[in-house]
Amino acid sequence: MKNIQMVDLITQYAEIKSDVNSAILNVIENAQFINGPEVQKFQAEMQNYLGVKHVIPVANGTDALQIALMALDLKPGDEVITPSYTYIATTEVMALLGLKPVFVDVDPDTFCINFNLIEAAITPKTKAIVPVHLYGQSAPMNEIMAIANKHNLFVVEDNAQAIGCDYYHTDTKISKTGTIGHIGCTSFFPSKNLGCYGDGGAMCTNDDDLAAKIRMIANHGQSKRYYHDVVGCNSRLDSIQAAVLRIKLPKLDAYNDKRRAVADAYDTYFSQYPEIKTPVRALNSKHVFHQYTVQLEGIDRDAMQTFLESKGVPSMIYYPVPAHKQKMFEHFGSASTDLPVTDWLTKRVISFPIHTEMEEEQLNHICQSIGAFIESQR
Ligand SMILES: *Cc1c(COP(=O)(O)O)cnc(C)c1O
């Protein structure tokens, strides 16, 4: 049996090797490394895939989040409502811009922001909501957009983990996550559902003015060459990454299907173990399983990880420390914020390997190893 990894990018590459190699070579031979035709083509193909008017590729997902917030003209001290239960990038960029993250607890079933708690967190300083489509399933966007419209707030979706996820609006309309709020941000980090071979990211929006502003900020605040209207930054997706993404984008739906098939197999196997709460699939979206994350009941998580490691089964804790308890946010005094679900989840979640190339033999070995550990604890 092949070594088991959380994400197997080597096997995935083997299947697309000749296409990827010639696409990369083509970029090198044409020496159009920056803003070349590959980037333009990828942008158009992504717009088409997402069904959105503008896609603006940038250097990584963290830049996408930062530039999105910069485009909203927020002032230092303005508040942004967001979950604490997320990857640090979501909230780090807020602090970097002098904004104040206001942490709201998550739903214990979906791991996404609990919309019932958002209105109580709104103050006169609140300017935006940044929901995160964590682990590959959509935050409750209809409810979030209704609150945002009522209170005149911007919504920036952190879609780094859910690219390709369908969101079902109550009116039977379907949208891709990331295209529902004012701006959507995503990451093409290699291990993401649509990953390149280095760093990459993008924003998308249906708003022409926001799109123009985002482009300007990502390019040194430049309106025309050497005329800089606003303070911006330098954030670009390079042509080699765009060329790789152009090969993987047409496969994204099939990749996500494979992830769902692995999740289905885990769900079925774990149904015999009350010690494992398998991921709840909310009816409002089609989960793309960036992570397969379960909640353990009465199981020593550290001991489980050690045991699994001895069986060649990797596992990860996403995330052991929620944002509001991070030292970098000490000055916000957020550590004392009451986020019982977030605190509870960080202590009992564990993520198992999930990727597009999982073999049946590997899957069986993972399941049996987990089962063996649970039974040994009874
Ligand atoms: C990966 C990720 C990011 C950041 O993306 P990078 O490309 O690594 O900068 C932001 N938010 C979430 C939820 C992520 O998972």
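See the structure above.
Residues numbered from 1 in each chain as written. Predicted model: local features only at pLDDT ≥ 70, side-chain atom pairs only at ≥ 80, totals over all residues. Heavy atoms only, no water.

A. Spatial organisation of the overall build of the protein. The helix and strand tally for the protein stands at twelve helices and 14 strands. Taking 21 Å as the expected radius of gyration for a compact globule of 378 residues, we find that the protein reaches 21 Å, a close match to that expectation. The buried share among the 378 residues of the protein stands at 56%. A sequence separation of at least 24 residues applies to 73% of the contacts in the protein between residues at least 6 apart. For the protein, the accessible area works out to roughly 16,300 Å², and carbon and sulfur atoms hold 52% of it. Distance between charge centroids for the protein: 4 Å, based on 33 positive and 43 negative side chains. (Helix = DSSP H or I, 4+ residues; strand = E, 2+ residues; numbered from the N terminus. Rg over C-alpha atoms; globule rule 2.2 N^0.38 Å. Buried < 20%, exposed > 50% of the residue type's maximum accessible area, 1.4 Å probe, protein only. Contact = heavy atoms within 4.5 Å. Areas by Shrake-Rupley, 256 points an atom, 1.4 Å probe, with all protein chains shown as cover. Lys, Arg positive; Asp, Glu negative; His and termini not counted. Charge placed at Lys NZ, Arg CZ, Asp CG, Glu CD.)

B. Local environment of the sheet that holds strand E8 (residues 183-187). Reading across from one edge, E1-E9-E8-E5-E4-E2-E3 is the order of the seven strands in this open sheet, with mixed pairing throughout. At either end of the open sheet lies a strand with only one pairing partner, and these are strand E1 (54-58) and strand E3 (100-104). Taking the axes of each pair of neighbouring strands and ignoring which way they run, one obtains an average angle of 25° across the sheet. Sheet analysis places strand E2 (residues 79-83) next to E3, joined by five bridges and oriented parallel. Across the sheet, Val80 pairs through a bridge with Pro101, a residue of E3. On top of the sheet, helix H7 (residues 208-218) reaches E1, E8 and strand E9 (201-205); it is set at about 15° to E1, its chief contact. (Pairing = 2+ DSSP bridges. Axes fitted to C-alpha atoms, helices over the stretch in contact; angles between N-to-C directions.)

C. Main features of the pairing of strand E5 (residues 154-158). For E5, the tally of buried residues reaches four of five residues, placing the bulk of the element in the interior. Sheet analysis places strand E4 (residues 126-129) next to E5, joined by two bridges and oriented parallel. Residue Ala128 lies in a different strand from E5, and its bridge partner there is Phe154. Following the chain from E4 across helix H6 (residues 141-151) to the adjacent parallel E5, one finds a crossover that is right-handed. Sheet topology places E5 next to E8; three bridges connect them, and they run parallel. Along E8, the bridge assignment pairs Glu157 with Gly184. (Right-handed = clockwise from strand over helix to strand, strands pointing away.)

D. Representation of the environment of Gly232 within the structure. Its location among the elements puts Gly232 in the loop between strand E11 (227-228) and helix H8 (239-248). In this structure Gly232 comes out as partly exposed when scored by relative accessible area, which is 26%. Between the C-alpha atoms of Gly232 and His220, which are twelve residues apart in sequence, the distance is 4.4 Å. Those residues within four positions of Gly232 in sequence are excluded, and the remaining contacts are Met70, Ile217, His220 and Gly221.

E. Up close: the site of the ligand. Taken together, the neighbourhood of the ligand is formed by 15 residues, with Gly61, Thr62, Asp158, Ser187 and Lys192 sitting nearest. Between the ligand and Thr62 there is a distance of 2.5 Å, counted from an oxygen atom to a side-chain nitrogen or oxygen. Contacts to the ligand include Gln161, whose side-chain N or O atom sits 2.8 Å from an oxygen atom. At the level of elements, helix H3 (61-70) and helix H4 (89-96) are the ones that each hand at least two residues to the shell around the ligand. (Near = heavy atom within 4 Å. Polar contact = N/O pair within 3.5 Å; in protein donor to acceptor, adjacent residues only side chain to side chain.)

F. Region of the structure containing the packing of helix H2 (residues 37-50) against H8. The N-to-C vectors of H2 and H8 enclose an angle of 40°; their axes lie 8 Å apart at closest approach. Between H2 and H8, the angle is such that the two are oblique. The element H2 and its partner H8 pack so that their crossing is left-handed. Counting all contacts with H2, which are made through Glu38, Val39, Lys41, Phe42 and Glu45, the residues of H8 involved are Ser239, Ala242, Ala243, Leu245 and Arg246. (Parallel < 35°, antiparallel > 145°, perpendicular 65-115°, else oblique. Left-handed = near helix turned anticlockwise from the far one by under 90°.)

G. Seen up close, the environment of Val80. Counting through the fold element by element, Val80 comes out in strand E2. The buried category is assigned to Val80, whose relative accessible area is 0%. Distance from Val80 to Pro101, taken between C-alpha atoms, is 5.0 Å for residues 21 residues apart in sequence. In this structure, Val80 is in contact with Leu74, Met94, Leu99, Lys100, Pro101, Val102, Ala128 and Val130, ignoring residues within four places of it in sequence.

H. Spotlight on the nonpolar core. Within the largest apolar cluster, 27 residues are counted, with the highest numbers of intra-cluster contacts made by Ile67, Leu69, Leu72, Val156, Ile183, Cys185 and Met203. Every element with two or more residues in this core is listed here: E1, H3, H4, E8 and H7. Those residues in contact with Met203 that sit more than four places away from it in its chain are His54, Val55, Ile56, Val58, Ala64, Ile67, Ala68, Ile183, Gly184, Cys185 and Ile214. Val313, Ile350, Ile354 and Cys367 belong to the second largest nonpolar core, which has 26 residues in total. (Core = buried A, V, L, I, M, F, W, Y, C linked by side-chain atoms within 4.5 Å.)

I. Here's a closer look at the packing of helix H10 (residues 301-310) against helix H12 (residues 360-376). Between H10 and H12, the least distance of the axes is 10 Å, while the angle of their chain directions is 135°. Taken together, H10 and H12 sit at an angle that is classed as oblique. The crossing of H10 and H12 is right-handed. From H10, Ala303, Met304, Phe307 and Leu308 reach across to H12, where they touch Ser369, Ile370, Ala372, Phe373 and Ile374. Residues of the contact of H10 with H12, tallied by class, amount to eight nonpolar, one polar and no charged. (Nonpolar A, V, L, I, M, F, W, Y, C, P; charged D, E, K, R; others polar.)

Bear in mind that shape data such as this cannot, by itself, settle questions of function.
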